[in-house]
Structures are given as C-alpha cells and as structure tokens.
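Listed below, chain by chain, are the residues.
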Amino acid sequence: MAEPTKSLVTMNDPASAAAEAFRQLRTNITLRDFDKKIKVINVISTGPQESKSTTTLNLAYTYSQLGRRVLVIDMDLRLPSIHKKLNLRNKVGITDVIGGQCRFESAVNNYAPNFDVLTSGTKVPFASEFVQSKALKDFLESLKLKYSLILIDCPPVGLVTDGVIASGLCDGTVLCLASGKNERKELERTKDILEQMQVNVLGIVMTRMPQMKKYYGSYGGYYGSSKKGKKK
C-alpha cells in the first residue's frame, strides 16, 4: 500500500472531521443510487483551485474502504494533477491507452487495495475531441465490467468544455465550489451550462470553508449535499 499523501486526508487522518465529510458525501451519493446504477462519476468545478482533484481522490478512497473496486482517471488533460498529488509517474496514461500506445494493464497504478489510478498520460493537442471520441466511450464501457465505480477528474467548466462533455459519458456529476471564490455571474453561467447539457448533478461540495480552517488546516471544509432532480 502506498504512503498517504497530504491530499488524502481520508487515508492519513481517517478520524478527522474532513474525512468524515467525505464519507458523508459517499453516503449522499449512495442514496441517489436507486433507480439507476451509478458506476461512472465525473468531478468538475467552476474555476481552478477549487479542490476538485482532492475531492476526487478522497471520495474514491472512501469507496475503496467499502471493498468496492474503484478507478480514478485524470481527464484534466491540459493541467493534470492527480499524479502529483499521489507522487506517481505520468509517463503513460489514459491518452496512451486510447491511442493504442500501451495496454491498460501497463498504464494503471494500483495505489491502495481496491484503489487504482490512471493518470492523464502523454499530452494531446485536441483534448475536447479526445473526450468526445467513440474510443473513449467504448473504453469506459469496458471498464464498467472491471470496476464497481469509476471517478473522472475533469477540468473546470468555466475554462474549457471538456468537463461538461465528459458528463455525457457518466451516470452523474459532482460539482466542487470553493467558498468565497466564485462571483455570482460565474455561478449562474455554470448553472446554465449544466442545465443546457442536462447534467445529472449528484451533489455539490463546498471546499475551503473559512470557518473550518482552524479545524482542518490546509484542507478547508468539505460538505457533500445531494438533491433529487436537477440542480436549481
């Protein structure tokens, strides 16, 4: 088992309030998993530095602790960070597997029991086209046979369209918002984009809550909320 990094509070400090908040987010998503089996979830944010990658990793680890086999895919192809947060090499990854340069088994990293990670891999000049490709869609379908849950870390929707496009390949989406960071117009724009694309928002995670910093240090606060129907 890998050494826990600073980003994985659920692994290195499982008794903390921050870790418990991630477990609550897991529970909230599970409560949505009635009518339709949720197997692929993408995590997005409105802008940069809203802890979406950290949220992806911690949510994945909480699921793996239930004995469910989980895969994290770094689909933030322009500015990948999953490999940095876990101290992994990023020589090959999702782009290389889809491009046929290597097999999935050679690219995937077994980070912890029931917890696999597929990094972004070689940079491609056509990220949006890559996310929309039939090859990626077919690949994700094949992974559903191997994993109980697949979590995809996507770029901020306020910067590029990749994250929203990826939502069409997923059963649900988790939106991360940093407390006090977004202006009203940015939030309204994100809301409009998600509604236009009919994205199934499973929950909203409020990160970097200022009143919680004295308890959580650099992690900030993490709150999972699940709502039935579309986000209003």
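With that out of the way, let us pick up the overall build of the protein chain. The helix and strand inventory of the protein chain stands at 11 helices and 8 strands. The buried share of the protein chain, taken over its 232 residues, is 57%. Long-range pairs, those at least 24 residues apart, make up 77% of the contacts in the protein chain between residues at least 6 apart in sequence. If you sum the accessible surface of the protein chain, you get close to 11000 Å²; carbon and sulfur atoms cover 51% of it.

For the rest of this paragraph, the subject is the pattern of salt bridges. Here the structure, examined in full by the defined rule, presents 10 salt bridges. Between Glu-141 and Lys-144 there is a salt bridge, and its shortest N-O distance comes to 3.0 Å. Through salt bridges with shared partners, one network takes in Lys-52, Asp-76 and Asp-153.

This part takes up the packing of aromatic side chains. Per the counting criterion, the structure on display carries 4 aromatic pairs. Ring centres 5.9 Å apart and planes at 70° place the aromatic pair Tyr-111 and Phe-115 in the edge-to-face group. This pair shows no difference in class: Tyr-111 is buried, exactly as Phe-115 is. Among the aromatic residues, ring-to-ring pairing joins Tyr-61, Tyr-111 and Phe-115 into one connected group. Taking NZ or CZ as reference, Arg-69 lies 4.4 Å from the ring centre of Tyr-147, over its face.

Turning to helix 3 (residues 52–64), a few remarks are in order. With 13 residues, helix 3 extends 18 Å between its outermost C-alpha atoms, agreeing within 8% with the 18 Å of an ideal straight helix rising 1.5 Å per residue. Here helix 3 lies mainly inside the structure; 13 of its 13 residues are buried.

Bringing the confidence of the model for the protein chain into the picture now. Taken over all residues, the pLDDT of the protein chain has a mean of 84, while the share at 70 or more is 84%. Note on residues 211–232: pLDDT under 50 across the span, and 57 contacts to partners over four residues away in sequence or across chains.

Structurally, Leu-202 can be placed in strand 7 (residues 201–207). Residue classification places Leu-202 among the buried positions, given a relative accessible area of 1%.

Moving on, we get to helix 10 (residues 184–196). Between its terminal C-alpha atoms helix 10 stretches 18 Å, which fits the 18 Å expected from 13 residues at 1.5 Å a residue. Regarding helix 10, the residues found buried are Thr-190, Ile-193 and Leu-194. Taken end-on, helix 10 shows its buried residues confined to a sector of 95°, consistent with a single buried face. Away from its buried face, by an angle of more than 90 degrees, helix 10 presents the exposed residues Arg-184, Lys-185 and Gln-196. Buried positions along helix 10 lie against strand 1 (40–45), helix 9 (162–167), strand 6 (172–178) and strand 7. Once helix 10 finishes, Gln-198 follows within two positions and takes phi at roughly 55°, a positive value.

All told, the structure shown has 0 disulfides when counted by the stated rule. Take Cys-170: it sits in no disulfide, and the sulfur closest to it among the cysteines is that of Cys-154, at 6.3 Å. With a relative accessible area of 11%, Cys-170 lands in the buried category.

Attention now moves to the pairing of strand 4 (residues 115–118). Consecutive side chains along a regular strand alternate between the two faces of the sheet. Alternating residues of strand 4 divide into Phe-115 and Val-117 and Asp-116 and Leu-118, and every residue in both groups is buried. Sheet topology places strand 3 (residues 109–112) next to strand 4; 3 bridges connect them, and they run antiparallel. Among the inter-strand pairings, Asn-110 is bridged to a residue of strand 4, identified as Asp-116. Connecting strand 3 to the antiparallel partner strand 4 that follows it, the hairpin turn spans 2 residues, and Asn-114 within it adopts a positive phi of roughly 65°.

Our next topic: the nonpolar core. Among the nonpolar cores identified, the biggest contains 36 residues, and Ile-73 and Ile-94 are the most heavily contacted of them. For this core, the element with the highest residue contribution is helix 8 (residues 134–143), accounting for 4 residues. If we skip the residues at most four places from it in the chain, Ile-73 touches Ile-94, Leu-118, Leu-140, Leu-143, Ile-150, Leu-151, Ile-152 and Asp-153. Counting residues in each nonpolar core, the second largest holds 27 residues, with Ala-112, Phe-115, Val-117 and Val-205 among its members.

Next up on the list: the packing of helix 2 (residues 17–32) against helix 3. When two helices pack together, their arrangement is given by the angle between the helix axes and the distance between those axes. Where helix 2 contacts helix 3, the axes come no closer than 9 Å and their chain directions differ by 75°. The angle between helix 2 and helix 3 falls in the class roughly perpendicular. Contacts from Phe-22, Arg-23, Leu-25, Arg-26, Ile-29 and Thr-30 of helix 2 reach helix 3 at Thr-54, Thr-55, Asn-58, Leu-59, Thr-62 and Tyr-63. For the contact of helix 2 with helix 3, the class distribution of residues is 5 nonpolar, 5 polar and 2 charged.

Parameters and conventions
Residues numbered from 1 in each chain as written. Predicted model: local features only at pLDDT ≥ 70, side-chain atom pairs only at ≥ 80, totals over all residues. Heavy atoms only, no water. Helix = DSSP H or I, 4+ residues; strand = E, 2+ residues; numbered from the N terminus. Buried < 20%, exposed > 50% of the residue type's maximum accessible area, 1.4 Å probe, protein only. Contact = heavy atoms within 4.5 Å. Areas by Shrake-Rupley, 256 points an atom, 1.4 Å probe, with all protein chains shown as cover. Salt bridge = Lys/Arg side-chain N within 4 Å of Asp/Glu carboxyl O. Phe/Tyr/Trp six-rings, centres within 6.5 Å; stacked < 30°, edge-to-face > 60°. Lys NZ or Arg CZ within 6 Å of the ring centre and 35° of its normal. Expected span 1.5 Å × (residues − 1). pLDDT = per-residue confidence, 0-100. Arc of directions from axis to C-beta. Disulfide = S-S within 2.5 Å. Pairing = 2+ DSSP bridges. Core = buried A, V, L, I, M, F, W, Y, C linked by side-chain atoms within 4.5 Å. Axes fitted to C-alpha atoms, helices over the stretch in contact; angles between N-to-C directions. Parallel < 35°, antiparallel > 145°, perpendicular 65-115°, else oblique. Nonpolar A, V, L, I, M, F, W, Y, C, P; charged D, E, K, R; others polar.

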